[in-house]
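Descriptive analysis of the structure
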Amino acid sequence: MTKKYHIHTFGCQMNVHDSEKVAGILSEAGYGQADSMNDADVIVLNTCSIRDKAEQKFYSELGRLVTVKKDNPNLKIAVAGCIAQQRGEGLFKRFPYVDIIFGPDNINNFQTWIMNGKQDIGQVTKKAALDFNPEYHLKHLPVKRAGKLKAWVSIMYGCDNFCAYCVVPFTRGRERSRSGKDIFNEISALAGQGFREVTLLGQNVNSYGRNLPENMDFPDLLKMIHDIEGLKRIRFVTSHPRDLSEKLISTMKDLPKLCRHIHLPVQSGSDRILNLMNRGYCLEEYKYKTDMLKSAMPDIAITTDIITGFPGETEEDHQCTISTLADIGYDGIFAFKYSRRPGTKALDLPDHVDEKIKARRLSEILTIQEGITYSKNRLLEGKVFDVLVEGVSETDCDKLTGRTGSNKIVNFYGSQNDIGRSLDVKISEAKLHSLVGEKVGNMSCNYL
Ligand code: 5AD
Ligand code: SF4
């Protein structure tokens, strides 16, 4: 009987893509996907430690697995991702029913264990792989992708920035870029299989190429993959404002497949806090760069991340962040309460902010941003956009759903045959989190 796996992913896109690699390894070893964790032979929890909340969610999920393991003593439980990396073998002590631990830089070790165990995870016991792997960017791991139209592609691993609040440099190690040739080959193969959109992944894509022997930077990489036949859209996350260059802006402007969207985390609107965060830019520089982006591409959507209640943040700093929302005119934001993370510099800063104040500031920011997002969406009413149709709408099964190049969700009536195609859609109504549209004319392009 085919053995089965179940993967539970916590956290960001990077983790979602890492889980696709774990699924790729298990599929290649002959495992099928379990319908639920109760009929799995192996359960992988791919964890996130960016904030304490994500970590607590993992512990409660792991707690639930005690009974699953009691019912099925042959079950193997693997803990992967950033908590595995940070908590290490201590997890075996605290949770004796955990069998396997590997960090985000060690997914290839998981593959080696399965292969050495003659493709049987049952042979693998109490294994941990937690050393950083300077050659991880050279590995070719199989990937089982969740979709057929849009794909994630890692272009670099790790981060060297050491923002004062962030665990990532400690859990994902130093920054390493994959070679342009490897990335090109992966995307060409994807385009050949029918994928139409790729999102290039890295903690700081703007510094892509820094460690490469060849003389190549991020805009050069974009130019190279732009020529891939069949590929329609290119996205990337995440950009660090300090490293966003004029060359990148003009490259985005010149390349039509580059989506008109940039996620540019500002984190705070106060220079004093940005300095304490070790972000390496001031608000004026950030504003200058977003102005350049807007004048090069007037239709560009800008989104951001914000942390409220970073240590030392005063009411005045908070007001600076609030005015930044309107100044930049974000299309959307992800905002979080500052969360203490082990090993980070911010832990030792004075004047940690009370949880209630953090929560109040977060709610003020979210409320103000809602008004801005809605008014930006209203400006789109009556306009026609190229929409890549992804599937049936989750909220209305009579409608289709897709995204504009600027990453706005559009729901509209259409037929099943439209899925996978790129259509001209006129926006009839703006909502807060999505747009309602109507198909106009024929499809602008048939990809299938
Ligand atoms: N507390 C709150 N938010 C955090 N982020 C990273 N570390 C923390 C933390 N300790 C946020 C940042 C980052 C996003 C991915 O998560 O805004 O851009
Ligand atoms: Fe964390 Fe800063 Fe690196 Fe982003 S750039 S992953 S916030 S350390």
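Residues numbered from 1 in each chain as written. Chains lettered and ligands numbered in written order. Predicted model: local features only at pLDDT ≥ 70, side-chain atom pairs only at ≥ 80, totals over all residues. Heavy atoms only, no water.

What about the site of ligand 1?
Convention followed: For this purpose, a residue is taken to be near a molecule or strand whenever a single non-hydrogen atom of the residue falls within 4 Å of it. Whenever a nitrogen or oxygen atom comes within 3.5 Å of another N or O atom, the pair is scored as a polar contact, on the condition that within protein one atom can donate a hydrogen and the other can accept it, and that pairs from neighbouring residues in sequence are kept only if both atoms are in side chains. Starting at the N terminus, helices and strands are each numbered in turn, a helix being any DSSP run of H or I of at least four residues and a strand any DSSP run of E of at least two. Classification convention: Asp, Glu, Lys, Arg as charged; Ala, Val, Leu, Ile, Met, Phe, Trp, Tyr, Cys, Pro as nonpolar; all other residues, Gly among them, as polar.
The environment of ligand 1 is formed by Ile50, Arg51, Tyr165, Gln267, Asp305, Ile307, Phe336, Lys337, Tyr338, Ser339 and Arg341. Within the contact set of ligand 1, a nitrogen atom lies 3.0 Å away from a backbone nitrogen or oxygen of Tyr165. Broken down by secondary-structure element, the contributors of at least two residues to the shell around ligand 1 are strand S13 (301–308) and strand S14 (332–337). The residue makeup of the shell around ligand 1, split by class, is five nonpolar, two polar and four charged.

A word on the nonpolar core
Defined as follows: As used in this record, nonpolar core signifies buried Ala, Val, Leu, Ile, Met, Phe, Trp, Tyr and Cys residues forming a set joined through side-chain atoms within 4.5 Å. Summary of the burial criterion: residues with accessible area below 20% of their type's maximum are buried, those above 50% are exposed, and those between are partly exposed, where the area comes from a 1.4 Å probe applied to protein chains only. Note on contacts: a residue pair is in contact if any heavy atoms of the two residues lie within 4.5 Å.
Leu200, Phe218 and Phe236 are the most contacted members of the largest nonpolar core, which totals 64 residues. For this core, the element with the highest residue contribution is helix H11 (residues 283–296), accounting for five residues. Non-local contacts of Leu200, meaning those with residues more than four positions away in its chain, are made with Val153, Ile155, Ile187, Val205, Phe218, Leu221, Leu222, Ile225, Ile234, Arg235, Phe236 and Val237.

Here's the deal with the domain arrangement of the chain
Under the convention used in this document: Each domain's extent is set by a domain assignment, obtained either automatically or from a database.
Split by domain assignment, the chain resolves into domain 1 (4–129), domain 2 (136–378) and domain 3 (384–439). Each of domain 1 and domain 3 was reduced to a C-alpha centroid, and the two centroids are 36 Å apart.

Digging into the site of ligand 2
For ligand 2, the full set of nearby residues is Cys159, Asn161, Phe162, Cys163, Tyr165, Cys166, Val168, Pro169, Gln203, His240 and Arg279. For the shell around ligand 2, the residue count by class is seven nonpolar, three polar and one charged.

Re the sheet that holds strand S3 (residues 42–47)
Keep this limit in mind: Strands are labelled as partners when DSSP assigns at least two bridges between them. Orientation is described by axes fitted as lines to C-alpha atoms, over the contacting stretch for helices, and by angles from 0 to 180 degrees between their N-to-C directions.
Reading across from one edge, S2-S1-S3-S4-S5-S6 is the order of the six strands in this open sheet, with parallel pairing throughout. Two strands lie at the open edges of the sheet, namely strand S2 (32–33) and strand S6 (127–129), each paired on one side alone. In terms of strand pairing, strand S5 (residues 100–102) meets S6 through three bridges, oriented parallel. Note that in S6 the partner of Ile100 across the bridge is Lys127. In the packing of helix H1 (residues 13–28) onto the sheet, contacts are made with strand S1 (4–9), S3 and S5, and the angle to S1 comes to roughly 170°. Here helix H5 (residues 107–116) sits on the sheet and contacts S3, S5 and S6; the angle it forms with S5, its principal contact strand, is near 145°.

A word on the layout of surface pockets
Put simply, the rule reads: Points on a 1 Å grid over protein atoms alone make up a cavity when a 1.4 Å probe fits among them but cannot get out, and a pocket when they form an open set with protein on both sides within 12 Å along at least five of seven lines; lining residues each have an atom within 4 Å of a point. Grid points are joined across faces, edges and corners, and a volume is the space filled by probe spheres set on the points.
If you add up the space inside the second largest pocket, you get close to 530 Å³. Along the walls of the second largest pocket sit 25 residues, with Arg260, Asp299, Ile300, Phe385 and Ser406 positioned nearest its centre. Put simply, the parts of the chain that give the lining of the second largest pocket at least two residues each are S13 and strand S15 (384–392). Here the lining of the second largest pocket is built from residues that sort into 10 nonpolar, four polar and 11 charged. Per-domain counts for the lining of the second largest pocket show at least three residues from each of domain 2 (136–378) and domain 3 (384–439).

Description of the packing of aromatic side chains
What describes a pair of aromatic rings is the distance from one ring centre to the other and the angle between the planes of the rings. Applied cut-off: The pairing test for Phe, Tyr and Trp rings, Trp by its six-membered ring, is centres within 6.5 Å, and the orientation test on the planes gives stacked under 30 degrees, edge-to-face over 60, and tilted for anything in between.
Within the structure shown, the criterion is met by 12 aromatic pairs. An angle of 90° between the planes, with centres 6.2 Å apart, marks the rings of Phe10 and Phe58 as edge-to-face. Here Phe10, found in the loop between S1 and H1, pairs with Phe58, found in helix H2 (residues 52–71); they are 48 residues apart in sequence, far enough to count as distant. You'll find Phe10 and Phe58 in the same group, each marked buried.

What to know about the environment of Val42
Summarising the element assignment, Val42 is placed in strand S3. Along the primary structure Val42 and Pro256 are separated by 214 residues, whereas in three dimensions their C-alpha atoms are 44 Å apart. If we skip the residues at most four places from it in the chain, Val42 touches Lys4, Tyr5, His6, Leu26, Tyr31, Leu75, Lys76 and Ile121.

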